[in-house]
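# Structure at a glance
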Amino acid sequence: MDRRAPALVALLLFVVLTGVSIAVGGSRPASDPGVLPWWIQAVAYVSAVVGAVLLLRGQDPAGRRTGALVLGVTVVLALIDALTAGQEGANIGAGLARLVGLVVLAAAITRLSLAVSAARRSTS
């Protein structure tokens, strides 16, 4: 069974939830952003892990490599968020690491979406 399409849906849900988390966190005062942005981001990370596991369990070797990449980057992003959760003020190093991780995930999601659309074109 091809698990790339459900994995793509899970990864796109990660993208949407990460955007919602950023928007919710940005709309609140910096002194007290609350826990809602963190909960939304946690659900986003769970969604990314589900997508990675689906890719790792698939039969496509390229999909497995993408799944391993997504899982590794998601773990690193979650660790960065956990380590910088209580800090006040900007942390440029963590922000740069998070940006690089999100760019890597965006590239992986783009490659996966191209593979899914090519597979759909070949079957129709």
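### Observations concerning the overall build of the protein chain
- Along the backbone of the protein chain there are four helices and zero strands.
- Helices and strands appear in the protein chain in the N-to-C order α-α-α-α.
- With the principal axes as the frame, the protein chain shows a C-alpha extent of 55 × 25 × 20 Å.
- For the protein chain, with 124 residues in total, the buried portion stands at 31%.
- Of the contacts formed within the protein chain by residues at least 6 apart in sequence, a portion of 68% connects residues at least 24 apart.
- Accessible area for the protein chain stands at about 7400 Å²; split by element, carbon and sulfur atoms hold 70% of it.

### Remarks on helix H2 (residues 36-56)
- Taking 1.5 Å as the rise per residue, H2 with 21 residues should run 30 Å; its terminal C-alpha atoms sit 30 Å apart, in good agreement.
- Restricting attention to buried positions, one finds in H2 the residues Pro37, Ile40, Gln41, Ala44, Tyr45, Ser47, Ala48, Gly51, Ala52 and Leu55. One face of H2 carries all of its buried residues, which in axial projection span an arc of 160°. Facing away from the buried side of H2 by more than 90 degrees, the exposed set consists of Trp39 and Val46.

### Focus: the environment of Ala42
- Relative to the helices and strands, Ala42 is located in helix H2.
- Residue classification places Ala42 among the partly exposed positions, given a relative accessible area of 32%.
- Separated by 19 residues in the primary sequence, Ala42 and Pro61 place their C-alpha atoms 28 Å from one another.

### Focus on the nonpolar core
- Leu11, Phe14, Val70, Leu105 and Leu112 are the most contacted members of the largest nonpolar core, which has 20 residues in total.
- Of all the secondary structure elements, the ones that give two or more residues to this core are helix H1 (4-26), H2, helix H3 (61-83) and helix H4 (92-123).
- Setting aside anything within four residues of it in sequence, one finds Leu112 in contact with Arg4, Ala7, Leu8, Leu11 and Leu55.

About the criteria used
Residues numbered from 1 in each chain as written. Predicted model: local features only at pLDDT ≥ 70, side-chain atom pairs only at ≥ 80, totals over all residues. Heavy atoms only, no water. Helix = DSSP H or I, 4+ residues; strand = E, 2+ residues; numbered from the N terminus. Buried < 20%, exposed > 50% of the residue type's maximum accessible area, 1.4 Å probe, protein only. Contact = heavy atoms within 4.5 Å. Areas by Shrake-Rupley, 256 points an atom, 1.4 Å probe, with all protein chains shown as cover. Expected span 1.5 Å × (residues − 1). Arc of directions from axis to C-beta. Core = buried A, V, L, I, M, F, W, Y, C linked by side-chain atoms within 4.5 Å.

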